[in-house]
Amino acid sequence: MRNKFIAGNWKMQGSLATNPALLHSVAAGAATLPTVTMAVMTPFPYLPQVQALLAGSACAWGAQDVSEEAAGAFTGEVSVAMLQDMGCRYVIVGHSERRARHGESDARVGAKARAAIEGALIPIICLGETLAQREAGETLAVVHRQLDAVLEAVGVRRMPQAVLAYEPVWAIGTGRSATPAQVQEVHAALRSRVSNADWVVGAGLQILYGGSVKPSNALELMGLPDVDGALVGGASLVADDFLDIGRAAATA
Ligand code: 13P
């Protein structure tokens, strides 16, 4: 039985003034959900504040991206060691917004996942198809290609130190979640691809779903056999909604 994991992705939102109320509510709620891992991925500048407020709480934290380089002349980038300094446990890599806006290739996402694992951070590795790819019947080919790049960079034996997140691009921020059947199909396909390389690793792999997860659809999505949690965008900025999703995960 895999544990459920609910991760919030704040994206480029939050402020020094408003973060404490949200973080306190989430930490208090997380303490009532011992069977669910709860975490928030915040913008880099707030990590010291997040670390100060969440240290010792039931809610973990992390960042939304990381460099695959260890240190040096990489203006604007943030290293694994810096995230370790900020007490991060997790880091998102390969989010579709970074793949699309910053041209991150499958190979770069794999390198970032590897760097995170080598630095004892848990990468939450995002993959997913665009609407055009889905309509062209390419969904499984796309996510398999994205997954294969990760498996090549990381090696299947280290995949227990990573989390996958299936996020169909067309479901992100649109209010239109993928249907349970669509989600289950892709999650099962991802798991089976990893299982083909190593059955035990595939069976234990945590695969999150992301894309318009909200309290009203969380119970159904979290109850699917190959769904082990959620990567939550908009709803992670509203404490009650985020915690309702956590409660759904605990019940499902
Ligand atoms: P929404 O939950 O706002 O659709 O965002 C999903 C997402 O991109 C999480 O990483």
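Just above, that's the structure.
Parameters at a glance
Residues numbered from 1 in each chain as written. Predicted model: local features only at pLDDT ≥ 70, side-chain atom pairs only at ≥ 80, totals over all residues. Heavy atoms only, no water. Near = heavy atom within 4 Å. Polar contact = N/O pair within 3.5 Å; in protein donor to acceptor, adjacent residues only side chain to side chain. Areas by Shrake-Rupley, 256 points an atom, 1.4 Å probe, with all protein chains shown as cover. Nonpolar A, V, L, I, M, F, W, Y, C, P; charged D, E, K, R; others polar. 1 Å grid on protein atoms, 1.4 Å probe; cavity = no way out; pocket = protein on both sides within 12 Å on 5 of 7 lines; lining within 4 Å. Points joined across faces, edges and corners; volume = space filled by probe spheres on them. Helix = DSSP H or I, 4+ residues; strand = E, 2+ residues; numbered from the N terminus. Salt bridge = Lys/Arg side-chain N within 4 Å of Asp/Glu carboxyl O. Buried < 20%, exposed > 50% of the residue type's maximum accessible area, 1.4 Å probe, protein only. Pairing = 2+ DSSP bridges. Right-handed = clockwise from strand over helix to strand, strands pointing away. Axes fitted to C-alpha atoms, helices over the stretch in contact; angles between N-to-C directions. Contact = heavy atoms within 4.5 Å.

A. Representation of the site of the ligand within the structure. In the vicinity of the ligand lie 13 residues, with Lys-11, His-95, Gly-173, Ser-212 and Gly-234 positioned nearest. Separating an oxygen atom of the ligand from a side-chain N or O atom of Asn-9 is a distance of 3.0 Å. Ser-212 places a polar main-chain atom, nitrogen or oxygen, 2.8 Å from an oxygen atom of the ligand. When the ligand is considered free in solution it has 310 Å² of accessible area, and contact with the protein chains removes 94% of it. For the shell around the ligand, a count of residues per class yields four nonpolar, seven polar and two charged.

B. Layout of the layout of surface pockets. Space inside the largest pocket adds up to approximately 550 Å³. In terms of residue count, the dominant contributor to the lining of the largest pocket is helix α4 (residues 96-101) (three residues). By residue class, the composition of the lining of the largest pocket is seven nonpolar, seven polar and seven charged. Roughly 250 Å³ of volume is contained in the second largest pocket. Every residue lining the second largest pocket is counted, 16 residues in all, and those nearest its centre are Pro-160, Ala-162, Val-163, Gly-204 and Gln-206. Within the lining of the second largest pocket, the residues separate by chemical class into nine nonpolar, five polar and two charged.

C. View of the pattern of salt bridges. Within the structure shown, the criterion is met by 16 salt bridges. In this structure, Lys-11 and Glu-97 form a salt bridge, with 2.9 Å as the shortest nitrogen-oxygen distance. Here Lys-11, found in the loop between β1 (4-9) and α1 (19-30), pairs with Glu-97, found in helix α4; they are 86 residues apart in sequence, far enough to count as distant. Arg-145 serves as the salt-bridge partner of Asp-106, at 2.8 Å between the closest nitrogen and oxygen. Of this pair, Asp-106 sits in helix α5 (residues 106-118) while Arg-145 sits in helix α7 (residues 139-154), and the two are 39 residues apart along the sequence. Owing to a relative accessible area of 18%, Asp-106 belongs among the buried residues under this scheme. Among the charged side chains, a network of salt bridges with common partners joins Arg-2, Arg-191, Asp-226 and Asp-228.

D. Local environment of the pairing of strand β3 (residues 59-63). Burial analysis of β3 places five of its five residues in the buried class, which makes it a mostly covered element. Both faces of β3 are covered, namely the face carrying Cys-59, Trp-61 and Ala-63 and the face carrying Ala-60 and Gly-62. Inspection of the sheet shows β3 paired to strand β4 (residues 90-93) by two bridges, in the parallel sense. Directly across from Ala-63, in β4, lies its bridge partner Val-91. Considered for its hand, the β-α-β crossover made up of β3, helix α3 (residues 80-85) and β4 is right-handed.

E. Examining unusual backbone geometry more closely. A positive phi angle, close to 55 degrees, is found at Lys-11, a residue other than glycine. Located in the positive-phi region is Ser-212, a residue other than glycine, with phi close to 60 degrees. Tracing the backbone shows Ser-212 in the loop between β7 (206-210) and α10 (215-222). On the basis of relative accessible area, Ser-212 is assigned to the buried category, the value being 14%.

F. Main features of the sheet that holds β1. Read around the closed barrel, eight strands run β1-β2-β3-β4-β5-β6-β7-β8, paired in parallel fashion. For this sheet the average axis-to-axis angle between neighbouring strands, irrespective of direction, equals 25 degrees. In the sheet, β4 pairs with strand β5 (residues 122-127) via four bridges, with the strands oriented parallel. Each bridged residue has a counterpart across the sheet, and for Val-93 the counterpart in β5 is Ile-125. Packed onto the sheet, α5 meets β4 and β5 and runs at close to 165 degrees relative to β5. Most of the contacts of helix α11 (residues 239-251) go to strand β2 (residues 36-41), to which it runs at about 150 degrees, and overall it touches β1, β2 and β8 (229-232).

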